[in-house]
Amino acid sequence: MFSISRELKTLLSGSPAVRVVVLTGAGISAESGVPTFRGTDGLWSKFKPEELANVDAFMSNPDLVWSWYQHRREIINKVQPNEGHTSLARMEEKLADFTLITQNVDGLHRRAGSRNVLELHGNILYNKCIKCSKMYQTLPDEEAKSAPVCECGGRIRPDVVWFGEMLPQQILQSAFRAAENAAVFFSIGTSALVHPAASLPVIAKQRGAYLVEINVETTVLTDYADEFLEGPSGEVLPSLMKECGLA
Ligand code: APR
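Below, the structure is looked at part by part. Computed from a predicted structure; not experimentally measured.

## Section: the overall build of the chain
- When helices and strands are counted, the chain shows eleven helices and nine strands.
- Compactness check: the chain gives a C-alpha radius of gyration of 18 Å against a globular reference of 18 Å for 247 residues, within 12% of the reference.
- Dimensions of the chain along its principal axes, counting C-alpha atoms only, are 60 × 35 × 30 Å.
- A total of 247 residues make up the chain; the buried ones form 51% of that total.
- Relative to all contacts within the chain whose residues are 6 or more apart in sequence, the contacts with residues 24 or more apart total 66%.
- For the chain, the exposed area adds up to about 11500 Å²; of that, 50% sits on carbon and sulfur atoms.
- Looking at charge distribution, the chain has the averaged site of its 24 positive side-chain charges lying 4 Å from that of its 29 negative ones.

## Re the packing of aromatic side chains
- Tallied over the full model, the rule gives seven aromatic pairs.
- Consider the rings of Trp44 and Phe163, whose centres lie 6.0 Å apart with planes at 50°: the pair is tilted. Of this pair, Trp44 sits in helix H3 (residues 43–46) while Phe163 sits in the loop between strand E6 (156–160) and helix H9 (169–180), and the two are 119 residues apart along the sequence.
- Owing to a relative accessible area of 41%, Phe163 belongs among the partly exposed residues under this scheme.
- Put simply, the rings of Phe37, Trp44, Phe47, Phe58, Trp68, Tyr69, Trp162 and Phe163 pair up and form one aromatic cluster.
- One residue, Arg72, lies across the ring of Trp68, its end atom 4.8 Å from the ring centre.
- The ring centre of Tyr136 lies 4.3 Å from the NZ or CZ of Lys134, which sits over that ring.

## Overview of the sheet that holds strand E4 (residues 122–129)
- Read across the open sheet, the three strands follow the order E5-E4-E6; overall the sheet is antiparallel. The open sheet is flanked by strand E5 (135–136) and E6, the only strands paired with a single partner.
- Sheet topology note: the E4/E5 ladder contains two bridges and is antiparallel. Residue Asn127 lies in a different strand from E5, and its bridge partner there is Tyr136.
- Sitting on the sheet, helix H6 (residues 62–78) is in contact with E4 and E6, with an inclination near 140° to E4.

## Some details on empty space enclosed by the protein
- Under the counting rule described, the total for this entry stands at one cavity of 30 Å³ or more.
- Within this model, the largest cavity holds a volume of roughly 120 Å³.
- Lining the largest cavity, in full, are Ala26, Ser29, Val34, Pro35, Phe37, Leu43, Arg72, Ile75, Ile76, Asn104, Val105 and Asp106.
- If you tally residues by element for the lining of the largest cavity, the top one is H6, at three residues.
- Both domains that meet at the lining of the largest cavity, namely domain 1 (6–34 + 81–121 + 165–243) and domain 2 (42–78 + 128–160), each give it at least three residues.

## Re the sheet that holds strand E9 (residues 227–230)
- Strands sit in the order E3-E2-E1-E7-E8-E9 across an open sheet of six strands; the sheet is parallel. Strands at the two margins of the open sheet, each flanked by one partner only, are strand E3 (117–119) and E9. When strand polarity is set aside, the average angle formed by the axes of neighbouring strands in this sheet is 20°.
- Relative to strand E7 (residues 184–188), strand E1 (residues 19–24) is paired through five bridges, and the arrangement is parallel. Note that in E7 the partner of Val21 across the bridge is Phe185.
- Contacts from helix H1 (residues 6–14) reach E1, E7, strand E8 (210–215) and E9, with the element oriented near 115° to E7.

## Notes on the pairing of E7
- Taking burial as the measure, the five residues of E7 include five buried ones, the bulk of the element.
- Residues Val184, Phe186 and Ile188 of E7 are buried on one face, and the alternating residues Phe185 and Ser187, pointing to the opposite face, are buried as well.
- Between the parallel pair E7 and E8, the chain is carried across by helix H10 (residues 199–206), and the sense of this crossover is right-handed.

## As for helix H7 (residues 83–94)
- Its twelve residues place the ends of H7 16 Å apart at the C-alpha level, agreeing with the 16 Å of an ideal helix rising 1.5 Å per residue.
- All of the buried residues along H7 are Gly84, His85, Ser87, Leu88, Ala89, Met91 and Glu92.
- Buried residues belonging to H7 abut E1, helix H2 (27–30), strand E2 (97–102), helix H8 (108–111), E7 and helix H11 (233–243).
- The residue sitting at the N-terminus of H7 and contributing the capping side-chain oxygen is Asn82; that oxygen lies 2.6 Å from the backbone nitrogen of Gly84.

Rules and cut-offs
Residues numbered from 1 in each chain as written. Predicted model: local features only at pLDDT ≥ 70, side-chain atom pairs only at ≥ 80, totals over all residues. Heavy atoms only, no water. Helix = DSSP H or I, 4+ residues; strand = E, 2+ residues; numbered from the N terminus. Rg over C-alpha atoms; globule rule 2.2 N^0.38 Å. Buried < 20%, exposed > 50% of the residue type's maximum accessible area, 1.4 Å probe, protein only. Contact = heavy atoms within 4.5 Å. Areas by Shrake-Rupley, 256 points an atom, 1.4 Å probe, with all protein chains shown as cover. Lys, Arg positive; Asp, Glu negative; His and termini not counted. Charge placed at Lys NZ, Arg CZ, Asp CG, Glu CD. Phe/Tyr/Trp six-rings, centres within 6.5 Å; stacked < 30°, edge-to-face > 60°. Lys NZ or Arg CZ within 6 Å of the ring centre and 35° of its normal. Pairing = 2+ DSSP bridges. Axes fitted to C-alpha atoms, helices over the stretch in contact; angles between N-to-C directions. 1 Å grid on protein atoms, 1.4 Å probe; cavity = no way out; pocket = protein on both sides within 12 Å on 5 of 7 lines; lining within 4 Å. Points joined across faces, edges and corners; volume = space filled by probe spheres on them. Domains from an automatic or database assignment. Right-handed = clockwise from strand over helix to strand, strands pointing away. Expected span 1.5 Å × (residues − 1). Polar contact = N/O pair within 3.5 Å; in protein donor to acceptor, adjacent residues only side chain to side chain.

Quick look at the structure:
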């Protein structure tokens, strides 16, 4: 289990102006029932990312890729944010300088009440035309199993970042700026393997931040972190909030 250090409690309860930055990954949504990517029962253990989560796969087999995202949407539409998500929404309310960066595309942070969310990899609930870039928040046919077609004739795809694609530049710049100025940086529920997101905690620590990792197991980041809180984020975060007077 985990015990929160006096140093972290002092940092978080010492001043409401403390600059806190959080990076989340699929692990924070695991307790809501959303599969992670690299865990034992993760999405990548069943599918190959190169066959699904990239533009070549979509262009060669749009219906397969579209149906996979529809399957993921069906899961997401049935689940609720968990106490990890709601704790971070509360932290945003209580702290004057708080930034939430997520790799997740499930939209659960916003549903939990977080307002300022930097979605590095897009949002699976939105779609866009690959030809004219028209955005589609709702689809001509929500149940469509095959990739719908835009009025311009182009295919409609999920508005998420696929392997090999550029991240939304403004969002990425804001994330780097936040990491460079953080006093406390949390890496929560991420294997810390996929760049550029994985460089954010490293940059934060190099610039003087106190680096905290919350995960159910160690990762490539653990030895580098100042503090490792081992446990499910849906349990660790509520305890952290209580012990630091943020609940
Ligand atoms: N609480 C905290 N951490 C958890 C929990 C939990 N309840 N359950 C699982 N984890 C941890 C796992 O131990 C793992 O370290 O969450 C992490 C999930 O790692 P990944 O499945 O690799 O997901 P993520 O780090 O978000 O992947 C990054 O890779 O495939 C791309 O675009 C995709 O955004 C994704 C990116």
